[in-house]
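Residues per chain are reported as follows:
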Amino acid sequence: MHLKISLWAAVACVFSAGAVQAQTVGLDLAKSKACMACHQVDSKRVGPPLKSVAERYAGQGDAMVDYLAGKIRGGGRGAWGAVPMPAQTHVSQEDARLLAEWILSLAPAKQ
């Protein structure tokens, strides 16, 4: 019985470490692409907090990754107020998808 509990604890640690690593990689990518010049994770800067973006689009399916990646690369206007988001054409399609996946992961888990 003790071995079974230890095995599950080890599995939980591996998955938890993976989630932490994914969050660090996402944040590092956002910093490297200058997203953090206008956005913060938890608070408003020029643009909305990334957690607010995640909460708005949480649970809307896999198409949301493509939608957000398109907004990152193509920019947007009016969805979050008067300040437009300029197109971020320096962000590759792949990196935009990774950023979108990371942003969506910031939404609180539903219980």
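Residues numbered from 1 in each chain as written. Predicted model: local features only at pLDDT ≥ 70, side-chain atom pairs only at ≥ 80, totals over all residues. Heavy atoms only, no water.

As annotated in an unreviewed UniProt entry, the protein is Cytochrome C-552 from Achromobacter piechaudii ATCC 43553.

Chemist: Teacher, can you tell me more about the environment of glutamate 94 here?
Modeler: For glutamate 94, the location among the structural elements is in helix H4 (residues 93–105). Exposure remark for glutamate 94: the relative accessible area of 59% places this residue in the exposed category. (Helix = DSSP H or I, 4+ residues; strand = E, 2+ residues; numbered from the N terminus. Buried < 20%, exposed > 50% of the residue type's maximum accessible area, 1.4 Å probe, protein only.)

Chemist: I keep staring at the pattern of salt bridges and nothing clicks. Help me out?
Modeler: Pairing between side chains of opposite charge can happen when their charged atoms approach one another. Evaluation of the coordinates by the stated rule reveals 4 salt bridges. With its nearest N and O atoms 3.4 Å apart, the salt bridge here joins aspartate 95 to lysine 33. One end of the pair, aspartate 95, is in helix H4; the other, lysine 33, is in the loop between helix H1 (2–32) and helix H2 (50–57), with 62 residues separating them in the sequence. The exposure class of aspartate 95 is buried, given its relative accessible area of 18%. Residues joined in a network through salt bridges with shared partners are Asp66, Arg97 and Glu101. (Salt bridge = Lys/Arg side-chain N within 4 Å of Asp/Glu carboxyl O.)

Chemist: Just to check I follow, could you spell out the packing of H2 against H4 for this structure?
Modeler: Two quantities define a packed helix pair, namely the angle between the helix axes and the distance between the axes. Where H2 meets H4, the axes come as close as 7 Å, and the angle between the chain directions of the two elements is 85°. What the angle tells us is that H2 and H4 run roughly perpendicular. Across from Leu50, Val53, Ala54 and Tyr57 in H2, the residues of H4 making contact are Trp102, Ile103 and Leu104. Tallied by class, the residues present in the contact of H2 with H4 amount to 7 nonpolar, no polar and no charged. (Axes fitted to C-alpha atoms, helices over the stretch in contact; angles between N-to-C directions. Parallel < 35°, antiparallel > 145°, perpendicular 65-115°, else oblique. Contact = heavy atoms within 4.5 Å. Nonpolar A, V, L, I, M, F, W, Y, C, P; charged D, E, K, R; others polar.)

Chemist: Whenever I open this one, the nonpolar core confuses me. Can you help?
Modeler: Side chains of a nonpolar character, in soluble globular proteins, are inclined to be buried together. Ranked by internal contacts, the top residues of the largest apolar core, which has 23 residues, are Leu99, Trp102 and Ile103. Sequence-distant contacts of leucine 99, that is, excluding residues within four places in its chain, are made with Gly26, Leu29, Ala30, Lys33, Cys35, Ile72 and Val91. (Core = buried A, V, L, I, M, F, W, Y, C linked by side-chain atoms within 4.5 Å.)

Chemist: How do you make sense of unusual backbone geometry when you look at a structure like this?
Modeler: What is expected of a backbone is that most residues other than glycine have negative phi and most peptide bonds are trans. For alanine 34, which is not glycine, the phi torsion reads 70° and is therefore positive. For alanine 34, the location among the structural elements is in the loop between H1 and H2.

Chemist: Explanation requested: the layout of surface pockets in the structure shown.
Modeler: Using a probe with the size of a water molecule, rolled over the atoms, empty space left in the structure can be pinpointed. Taken as a whole, the largest pocket encloses approximately 640 Å³ of empty space. His39, Gly47, Pro48, Trp80 and Met85 are the residues nearest the centre of the largest pocket, which is lined by 34 residues in total. At the level of elements, H2, helix H3 (63–74) and H4 are the ones that each hand at least two residues to the lining of the largest pocket. The element best represented in the lining of the largest pocket is H3, accounting for 4 residues. Of the residues that constitute the lining of the largest pocket, the class distribution is 23 nonpolar, 7 polar and 4 charged. (1 Å grid on protein atoms, 1.4 Å probe; cavity = no way out; pocket = protein on both sides within 12 Å on 5 of 7 lines; lining within 4 Å. Points joined across faces, edges and corners; volume = space filled by probe spheres on them.)

Chemist: Could you clarify how one ought to interpret the confidence of the model for the protein in this entry?
Modeler: Low pLDDT marks regions whose predicted coordinates should not be analysed in detail. Overall, the prediction assigns the protein a mean pLDDT of 85, with 78% of residues at 70 or greater. In the predicted structure, residues 1–18 sits below a pLDDT of 50 and forms 0 contacts with residues beyond four places in sequence or in another chain. (pLDDT = per-residue confidence, 0-100.)

Chemist: Looking at this model, I keep getting lost on the packing of aromatic side chains. Mind explaining?
Modeler: Any aromatic ring pair is given by two values, namely how distant the centres are and how the planes are angled relative to each other. This model, assessed by the stated rule, comprises 1 aromatic pair. The ring of tryptophan 80 has arginine 56 sitting right over it, with the charged end atom 3.7 Å from the ring centre. (Phe/Tyr/Trp six-rings, centres within 6.5 Å; stacked < 30°, edge-to-face > 60°. Lys NZ or Arg CZ within 6 Å of the ring centre and 35° of its normal.)

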